[in-house]
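Now for the letters of each chain:
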Amino acid sequence: MRRDPKCLGNEELERSCAPTSLENGLGTAGCLGTLAALVLLLPAVFASLFKPAFAGFVLVAAAAFWGLHLSGLPKRAYREELAWRRGLASFSRYVEEAQAELARSGADWIVLFTMKALPHGGSWWLRIALSQGQPVHAQARLLASERNRPYCRLERSLPDATLQDLLAMLKELDLAALTGIPATVLDGAPCRLAILRREPEALAVGSCNLGGLEDDPRQLPTVAACLKLAGIARSLTPAPEDRAGAA
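What you see is a predicted model, and the numbers here were worked out from it, not measured in a lab.

## What about the nonpolar core?
Across soluble globular proteins, you tend to see nonpolar side chains buried next to one another.
Reasoning step 1: By size, the foremost hydrophobic cluster in this structure holds 39 residues, and its most contacted members are Phe 113, Leu 126, Ile 128, Leu 158, Leu 166, Ile 195 and Leu 210.
Reasoning step 2: Looking at this core, the elements that each hand over two or more residues are strand S1 (109-116), strand S2 (123-131), strand S3 (137-145), strand S4 (152-157), helix H6 (160-172), strand S5 (190-197), strand S6 (202-209) and helix H7 (221-236).
Reasoning step 3: Not counting residues within four places of it along the chain, the set of residues in contact with Leu 158 comprises Ile 128, Ala 138, Ala 140, Leu 163, Leu 166, Ile 232 and Leu 236.
Reasoning step 4: Core analysis: the next-biggest nonpolar cluster, separate from the first, contains 14 residues, Phe 91, Ile 110, Leu 112 and Ala 194 among them.

## Topic: the sheet that holds S6
Reasoning step 1: Taken together, 6 strands build an open sheet; the order of strands is S4-S3-S2-S1-S5-S6 and the sheet is antiparallel. Strand pairing shows two members of the sheet lacking a second neighbour, S4 and S6, which therefore form its edges. Taking the axes of each pair of neighbouring strands and ignoring which way they run, one obtains an average angle of 10° across the sheet.
Reasoning step 2: In the sheet, S5 pairs with S6 via 8 bridges, with the strands oriented antiparallel. Each residue of the ladder has a partner; that of Leu 193, found in S6, is Gly 206.

## Let's talk about the pattern of salt bridges
Reasoning step 1: A full pass over the atoms with the stated rule returns 3 salt bridges.
Reasoning step 2: We note a salt bridge from Glu 97 to Arg 93, for which the minimum N-O separation is 3.4 Å. Here Glu 97 and its partner Arg 93 are both found in helix H5 (residues 91-104), 4 residues apart, which amounts to about one turn of the helix.
Reasoning step 3: Residue Glu 97 is classed as partly exposed on the basis of its relative accessible area, which comes to 27%.
Reasoning step 4: Here Glu 101 and Arg 127 are joined by a salt bridge, their closest N and O atoms 3.4 Å apart. In this pair, Glu 101 is assigned in helix H5 and Arg 127 in strand S2, connecting sequence segments 26 residues apart.

## Things to note about the pairing of S1
Reasoning step 1: S1 sits mainly inside the fold: 7 of its 8 residues count as buried.
Reasoning step 2: Taken together, the 8 bridges between S1 and S2 define a ladder with antiparallel strand orientation. Bridge pairing in S2 places Ile 110 opposite Ala 129.
Reasoning step 3: Linking S1 back to S2 in an antiparallel pair, the connection comprises 6 residues, with Gly 121 at a positive phi of about 100°.
Reasoning step 4: Where S1 meets S5, 7 bridges bridge the pair, whose relative direction is antiparallel. Looking at the pairing, Leu 112 lines up with Ala 194 of S5.

## Considering H5
Reasoning step 1: Compared with an ideal rise of 1.5 Å per residue, which puts 14 residues at 20 Å, H5 spans 20 Å between its outermost C-alpha atoms and is within 8% of the ideal.
Reasoning step 2: Along H5, the positions that sit buried rather than exposed are Phe 91, Tyr 94, Val 95, Ala 98, Glu 101 and Leu 102. The buried residues of H5 occupy an angular sector of 125° when the element is viewed end-on, so they sit on one face. When the buried face of H5 is taken as reference, the exposed residues oriented beyond 90 degrees from it are Glu 96, Ala 103 and Arg 104.
Reasoning step 3: Structurally, H5 contributes buried residues whose contacts are with helix H4 (76-85), S1, S2, S5 and S6.

## A look at the packing of aromatic side chains
Reasoning step 1: Tallied over the entire structure, the rule returns 1 aromatic pair.
Reasoning step 2: Sitting above the plane of the Trp 124 ring, Arg 234 keeps its charged end 4.5 Å from the centroid.

What counts, and where the lines are drawn
In this numbering scheme, every chain counts its residues from 1 along its sequence in written order. Since the coordinates come from a predicted model, pLDDT governs what is reported: local features require at least 70, and pairs of side-chain atoms require 80 or more to be given and counted, while whole-chain, interface and lining totals use all residues. Each side-chain value is worked out from all heavy atoms of the structure, with water and hydrogens disregarded. As used in this record, nonpolar core signifies buried Ala, Val, Leu, Ile, Met, Phe, Trp, Tyr and Cys residues forming a set joined through side-chain atoms within 4.5 Å. Relative accessibility thresholds used throughout: buried, under 20% of the residue-type maximum; exposed, over 50%; partly exposed, between the two (1.4 Å probe, protein chains only). The numbering of helices and of strands both runs from the N terminus, where a helix is a DSSP run of H or I of at least 4 residues and a strand a run of E of at least 2. We call two residues contacting when some pair of their heavy atoms lies within 4.5 Å. We call two strands paired when DSSP finds no fewer than two bridges between them. Every axis corresponds to a line fitted to the C-alpha atoms, with the helix fit spanning only the stretch in contact, and the corresponding angles, defined between N-to-C directions, vary from 0 to 180 degrees. The term salt bridge refers to a side-chain nitrogen of Lys or Arg lying within 4 Å of a carboxyl oxygen of Asp or Glu. In this scheme, a helix's expected span is set at 1.5 Å multiplied by one less than its residue total. In this description, one arc is meant: the one made by directions from the helix axis to the C-beta atoms. In this analysis, rings of Phe, Tyr and Trp, with Trp reduced to its six-membered ring, are considered paired at centre separations within 6.5 Å, and the interplanar angle assigns stacked below 30 degrees, edge-to-face beyond 60, and tilted for intermediate values. By definition, being over a ring means that NZ of Lys or CZ of Arg is both within 6 Å of the ring centre and within 35 degrees of the ring normal.

In structure tokens, the structure reads:
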């Protein structure tokens, strides 16, 4: 009987999501077929001899990728759960969860932030729940994945200096000014953020790419907020040698 992926621990879930030898083989066949078809593409345009070979490699690649899709179906629920736990699920899902949390918790603000490092990989997912009581308190949850480094999960209180800096930004920020800023590069550091406020009730969502910015865009509220949150996410990310206890 298949187990509910939500009931699995992180390590067991990761093992359940590992690709099988069949998936690895189909993935390799698909990639090789695609590469061979690309190599034959130009000759096929000019020489009828290459056209059957080109079509054959295209069919091999298509069949391999379709087989890869079918072979991965039994693991889909596990991989979707793992993606959610690693901050890689749909951003709107995390926003909906933050709305529910804000309604039932004592937080005054919830901040969500995601950033990817392209093309070499790496991602940061950060959620901060901030309460303006006495004393002011903020709890941060970080999910971080960097190339060639152990995966990191941690939850901790924000340091006081970071907390005061973030609170000052939130109080000064015009939430209506948060927007989606078109990217000027294909890689870089694409970011998304959502800021939820209890009183007066508000939800603002924005996005931008921190790669390839010019001086003027840095003054935009969305970019300034993403730069601030990117700095917080990186400051909370443990060094590789300290990650054993944070994984």
